[in-house]
Amino acid sequence: MLNIVLFGPPGAGKGTQSERLVAKYNLAHLSTGDIFRANIKGETELGKLAKSYMDQGNLVPDEVTIKMLDQELKKRPEATGFIFDGFPRTVAQADALDDLLKAKNTQISAMLALEVSEEELRDRLTKRAQTSGRKDDADPKVIQNRIDVYQKETAPVKDFYAGQNKLKEVNGEGSIDAITQRLFQVIDQLA
Ligand code: ADP
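Residues numbered from 1 in each chain as written. Predicted model: local features only at pLDDT ≥ 70, side-chain atom pairs only at ≥ 80, totals over all residues. Heavy atoms only, no water.

A few words now on the pattern of salt bridges. Tallied over the full model, the rule gives 18 salt bridges. Asp-55 is the salt-bridge partner of Lys-51, the closest N and O atoms lying 2.6 Å from each other. One salt bridge in this structure joins Lys-158 and Glu-115, with 3.0 Å as the shortest N-O distance. Of the two residues, Lys-158 is situated in helix H9 (residues 156-162) and Glu-115 in strand S4 (residues 110-115); the sequence distance between them amounts to 43 residues. Here the salt bridges do not stand alone but share partners, grouping Arg-128, Arg-134, Asp-136, Asp-137 and Arg-146 into one network. (Salt bridge = Lys/Arg side-chain N within 4 Å of Asp/Glu carboxyl O. Helix = DSSP H or I, 4+ residues; strand = E, 2+ residues; numbered from the N terminus.)

Structural data, given as structure tokens:
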């Protein structure tokens, strides 16, 4: 099984690149941000809970997020591999993911970390706000909080995978196609 964690700060291009990886490698795409947004739209209990955190640019609590991811994995027993987009975002989530995959007799193949400068991120998120309709893109204070939360809580997840020799850093600046080619190259080199 090919199980990829696509990692990067908000605005790094995880969603865009995920679509391309899914198409090429036939992976099931699990984006926790998309799943939360679908729940908000459907006005589910989970959506109501997640919304209060997301609108402020804070993380949804680990317990809630991990339980949701477990359920999503169980919905796809036939999948031949996964791309995790926006998850894990804390070391506790990374630990939990290892356990969930172990129970399926599989593991993470690699973490692909998109590297983008903070200035470029702020620029992309401000532009995205004009089309995404996302409340968390519309307010510069919320954007800054998401970047701060990333630095504090999420960046350490890189060390977690580096410790397992699974971290692959990829330059996330340049054209969308160029970045896709870089990602393909790294994945094709995995054993
Ligand atoms: P972005 O990468 O642009 O921040 P996402 O769609 O990945 O966008 O996430 C949007 C929001 O959803 C996050 O700011 C957070 O509130 C919530 N969220 C998504 N994934 C997780 C996660 N794994 N753990 C906790 N909260 C999450």
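So much for the structure itself; the text now carries on.
This part covers the layout of surface pockets. Taking a probe equal in size to a water molecule and rolling it over the atoms shows the remaining empty space. Each pocket or cavity is described by its volume, and for the largest pocket that value is around 1,200 Å³. Arg-37, Arg-128, Arg-134, Asp-136 and Arg-146 are the residues nearest the centre of the largest pocket, which is lined by 46 residues in total. It is helix H2 (residues 32-41) that contributes the most residues to the lining of the largest pocket, six residues altogether. Its residues assigned to classes, the lining of the largest pocket comprises 13 nonpolar, 19 polar and 14 charged. (1 Å grid on protein atoms, 1.4 Å probe; cavity = no way out; pocket = protein on both sides within 12 Å on 5 of 7 lines; lining within 4 Å. Points joined across faces, edges and corners; volume = space filled by probe spheres on them. Nonpolar A, V, L, I, M, F, W, Y, C, P; charged D, E, K, R; others polar.)

The next subject is the site of the ligand. In the vicinity of the ligand, 20 residues are found, and the nearest of them are Thr-32, Arg-37, Asn-58, Gly-86 and Arg-128. Measuring from a nitrogen atom of the ligand, one finds a backbone N or O atom of Gly-86 at 2.9 Å. A distance of 3.1 Å separates an oxygen atom of the ligand from a polar atom in the side chain of Arg-89. Relative to its free-state accessible area of 540 Å², the ligand is covered by the protein chains to the extent of 96%. (Near = heavy atom within 4 Å. Polar contact = N/O pair within 3.5 Å; in protein donor to acceptor, adjacent residues only side chain to side chain. Areas by Shrake-Rupley, 256 points an atom, 1.4 Å probe, with all protein chains shown as cover.)

A separate point is the sheet that holds S4. Across the sheet, five strands lie side by side as S2-S3-S1-S4-S5; this open sheet has parallel pairing. Single-partner strands in this sheet number two, and they are strand S2 (28-31) and strand S5 (167-171). Across this sheet, the average inter-strand angle for adjacent strands is 20°, counted without regard to direction. Relative to strand S3 (residues 81-85), strand S1 (residues 2-7) is paired through five bridges, and the arrangement is parallel. (Pairing = 2+ DSSP bridges. Axes fitted to C-alpha atoms, helices over the stretch in contact; angles between N-to-C directions.)

Following Phe-87, the chain continues to Pro-88 via a peptide bond in cis, the omega torsion being -5°. Its location among the elements puts Pro-88 in the loop between S3 and helix H5 (91-103). Its identity is not glycine, yet Asn-105 carries a phi of approximately 60°, on the positive side. By secondary structure assignment, the location of Asn-105 is in the loop between H5 and S4. Taking relative accessible area as the criterion, Asn-105 reaches 74% and is therefore assigned exposed. Within the chain, Asn-165 stands out as a residue other than glycine whose phi angle is a positive 60°. One can find Asn-165 in the loop between H9 and S5. (Buried < 20%, exposed > 50% of the residue type's maximum accessible area, 1.4 Å probe, protein only.)

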